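# A closer look at the structure
Read off the chains here:
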Amino acid sequence: MIQALALQGIQGLLVIALAPLVTGVVRKTKARLLLRRGASIFQPYRDLLRLFRKESVLAHNASWLFQAAPYLVLAFTWVAAALIPVLAFNLPLGPGADFIAIVGLLGSARFVLALAGLDVGTSFGGIGSSREVMIASVGEPAMLMLIFSLALVAGSTQLSVIAAFTQSPAVGLRISLGLALLGFIMVAIAENGRIPIDNPATHLELTMVHEAMVLEYSGRHLALIELSTFLKLLAYLSLIASVFLPWGIPPTWAGGMQLASALGLFLAKVLGGAVLLAFFEVSIAKMRVFRVPQFIGAALMLALLAGLLRLVSQSF
Amino acid sequence: MSALVFDVSHLLAGSLVLMSFVLLYQDRLPSLINTFALQSLLLSLAIGWQAQAQGAPHLLVTAALAIVLKAILIPMVLRRLVRSLGIHRTIETVVGIGPAMLAGMALVALAMALMLRVTAAANIFAREDLAFALSVVLLGLLVMVTRRNAVSQVIGFMSLENGLVLAATGAKGMPMVVETSVAFSILIALIVIGIFLFRIRERFDTVDVAALDEFRGDRQ
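The following paragraphs examine the structure supplied in this document. Worth saying up front: this structure is predicted, and the values here are computed from it rather than measured.

### Some details on the overall build of chain A
The number of helices and strands found in chain A is eleven helices and zero strands. Ordered by position from N to C terminus, the α and β elements of chain A give α-α-α-α-α-α-α-α-α-α-α. Relative to its length of 316 residues, chain A is compact, with a C-alpha radius of gyration of 19 Å against a globular reference of 20 Å. Along the first, second and third principal axes, the C-alpha atoms of chain A reach 65 × 45 × 45 Å. Residues counted as buried form 53% of the 316 residues belonging to chain A. Only carbon and sulfur atoms are counted for the fraction: they give 70% of the accessible area of chain A, which is about 13400 Å². Charge-centre separation for chain A: the mean point of 21 positive side chains lies 10 Å from the mean point of 13 negative side chains.

In structure tokens:
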């Protein structure tokens, strides 16, 4: 029991310690692919330290919400990321690690951030919030539809049950799971504001979404928001790793060797995902904001199709 | 072992349906043609797998025909056609991609609901192949309905025929003659349509079929 609790704690600390590194790897890989040298993969840690040391400047008309939002966003995102089973399935908080709960947590984080973007009343904050909410209003139904399709296949929305199902030999070669994975990747790209949807590396006013929303933040507040952005990316990567590729995750505490191998595999999967993301991002152009609903609509369609095909393969 | 055989054929037939959706989503002619070529390639893989699963070597001939004619020859001809008509940049859709996708989902649901009920007694390969094949056929019709460009309507027609071939190979004991004659009649259709397209363009300076409506007598 104590070991399980400790494992849960380690998992929570691991994700927050690892999150900046993952973003660092994505940035470095992108830079190398564009034939630039790029900053070190540890640069995000240095950025965060620098921001934490700096003074935070507030607008005169900022309300309490503006100051509270970074802490709330980080708290929601961290809980969501820490719930996802990466080291073992049956942890004390395991029953809470439900797919819908995680989507709810990430959705609440987005809600708070969108409100904070509107709070000061600058036009950039407003446009960022409105675009973010537009993307969310199509992205979240797609995400929920995907979860329902997965739940149809695996019989539960609880992450540990789904992962146990994908780990078992009963899973076979299922097109429903493949379609769900594809749709999930599309939604994850949209939710994290990666390249075809939003470019996290620019401050070009016509196109930015997330950066516009947090434009008024500085100092430690900005550091908290950046950290939650890193955590969100890691959360989606580890969701994919633990739902679709759950190999090597032991069901419960099973000794140091098991733990080390689970940790190593988790690192490999997440960093591999980061490198693939970088490849995808350099090979595609950003799309117009008004095409985004089509992109996510395709993900929604994949989810529906996964559910329908599941019905065919089951009904004989 | 039989579970794996079934899973693979499910996977291949399912990806044919997926490719039909990609056809609906694409809005440029060159990528539409590429998607069609990919769908035909998947079709021939599906037929090849059926040949393996049913122990029917003559299906391999059908698979070879599908690769040579539909995955290589027809896309090549269409690409040349598009380039010589100078329309490789444009496409006009009648309804938006979103509603078309939703209509497609509804058609797939219809196909499954219908086929699974009608074919309750058939063996599982035939059953699910028929359900998928009907979806591909209906989606091909939908592509034809939602596009105004004659070339993309041709592609919708060809992908409809992919669905027919899938249905034919799923049903055990379909005579070889039928499949071959279908394959070649498609080829003839392509030639006829190709000539026809040039005639349409010569006459109306466009391959947008909406231009034909003006010449119909019964419209006010």
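### Topic: the packing of helix α1 (residues 2-33) of chain A against helix α9 (residues 219-243) of chain A
All names here are of chain A. Packing of α1 against α9 brings their axes to within 8 Å, and their N-to-C directions diverge by 85 degrees. Classed by the angle they form, the pair α1 and α9 counts as roughly perpendicular. Residues V15, I16, L18, A19, P20, V22, T23, V26 and R27 of α1 lie in contact with α9, whose contacting residues are L227, F230, L231, L233, L234 and L237. Class assignment for the residues of the contact of α1 with α9 results in 13 nonpolar, one polar and one charged.

### Notes on the packing of aromatic side chains
Residue and element names in this part refer to chain A. On inspection of all chains with the given rule, the structure shows five aromatic pairs over all chains. Note on F66 and Y217: the rings are 4.2 Å apart at their centroids and 5 degrees apart in plane angle, and the pair reads as stacked. Residue F66 is found in helix α3 (residues 64-83), and its partner Y217 is found in the loop between α8 (210-213) and α9; the two are separated by 151 residues along the sequence. Where F99 meets F184, the ring centres are 6.0 Å apart and the plane angle is 65 degrees; that geometry is what we call edge-to-face. With a gap of 85 residues between them, F99 in helix α4 (residues 99-119) and F184 in helix α7 (residues 175-191) connect regions that are remote in the sequence. For F99, a relative accessible area of 1% gives the class buried. What makes F184 buried here is its relative accessible area of 2%. Ring pairing ties together the aromatic residues F99, F184, Y236 and F244, which thus form one cluster.

### Section: the interface of chain A and chain B
Residue-level contacts link 19 residues of chain A with 24 residues of chain B. Of all residues in chain A, L173(A), I175(A) and V312(A) bury the most surface against chain B, accounting for 30% of the area lost on that side. For the pair chain A and chain B, the interface holds zero salt bridges. One can count zero residue pairs in polar contact (both at pLDDT 80 or more) joining chain A with chain B. Among the elements of the structure, α7 and α11 (292-314) of chain A are those that each provide at least two residues to the side of chain A that touches chain B. Partitioned by chemical class, the residues of the side of chain A that touches chain B number 13 nonpolar, four polar and two charged.

### Some thoughts on the pattern of salt bridges
All names here are of chain A. Counted according to the given criterion, the structure contains seven salt bridges over all chains. The partner of K30 in a salt bridge is E281, and the shortest N-O contact between them spans 3.2 Å. A residue pair is termed long-range when its members are at least 10 positions apart, and K30 in helix α1 and E281 in helix α10 (residues 255-282) qualify at 251 residues. In terms of burial, K30 and E281 fall into one category: buried. In this structure, a network of salt bridges that share partners links the residues R110, E132, E140 and E191.

### Examining the packing of α3(A) against α9(A)
Residues and elements named next belong to chain A. Taken N-terminus to C-terminus, the directions of α3 and α9 make an angle of 20 degrees; their axes are 9 Å apart at the nearest point. Classified by the angle their axes make, α3 and α9 are roughly parallel. Handedness of the crossing formed by α3 with α9: left-handed. From α3, Q67, P70, Y71, V73, L74, T77, W78 and A81 reach across to α9, where they touch R220, H221, L224, I225, L227, S228, L231, K232 and A235. Of the residues in the contact of α3 with α9, the class split is eleven nonpolar, four polar and two charged.

### What to know about the nonpolar core
Counting 162 residues, the largest nonpolar core has F99(A), F184(A), L305(A), F21(B) and L78(B) as its most contacted members. In this view, L78(B) contacts I33(B), V151(B), V154(B), I155(B) and L190(B); residues no more than four positions away in its chain are not counted.

### Considering α9(A)
Compared with an ideal rise of 1.5 Å per residue, which puts 25 residues at 36 Å, α9(A) spans 36 Å between its outermost C-alpha atoms and is within 8% of the ideal. The buried fraction of α9(A) is high, at 22 of 25 residues.

### What about unusual backbone geometry?
Residues and elements named next belong to chain A. Of note in the backbone geometry, L35 takes a positive phi value of approximately 65 degrees without being a glycine. Here L35 is to be found in the loop between α1 and α2 (43-53). With relative accessibility at 80%, the residue L35 sits in the exposed group.

Conventions we followed
Residues numbered from 1 in each chain as written. Chains lettered and ligands numbered in written order. Predicted model: local features only at pLDDT ≥ 70, side-chain atom pairs only at ≥ 80, totals over all residues. Heavy atoms only, no water. Helix = DSSP H or I, 4+ residues; strand = E, 2+ residues; numbered from the N terminus. Rg over C-alpha atoms; globule rule 2.2 N^0.38 Å. Buried < 20%, exposed > 50% of the residue type's maximum accessible area, 1.4 Å probe, protein only. Areas by Shrake-Rupley, 256 points an atom, 1.4 Å probe, with all protein chains shown as cover. Lys, Arg positive; Asp, Glu negative; His and termini not counted. Charge placed at Lys NZ, Arg CZ, Asp CG, Glu CD. Axes fitted to C-alpha atoms, helices over the stretch in contact; angles between N-to-C directions. Parallel < 35°, antiparallel > 145°, perpendicular 65-115°, else oblique. Contact = heavy atoms within 4.5 Å. Nonpolar A, V, L, I, M, F, W, Y, C, P; charged D, E, K, R; others polar. Phe/Tyr/Trp six-rings, centres within 6.5 Å; stacked < 30°, edge-to-face > 60°. Buried area = accessible area lost by both parts, 1.4 Å probe. Salt bridge = Lys/Arg side-chain N within 4 Å of Asp/Glu carboxyl O. Polar contact = N/O pair within 3.5 Å; in protein donor to acceptor, adjacent residues only side chain to side chain. Left-handed = near helix turned anticlockwise from the far one by under 90°. Core = buried A, V, L, I, M, F, W, Y, C linked by side-chain atoms within 4.5 Å. Expected span 1.5 Å × (residues − 1).

Treat this as a map of the structure, not an account of what it does.
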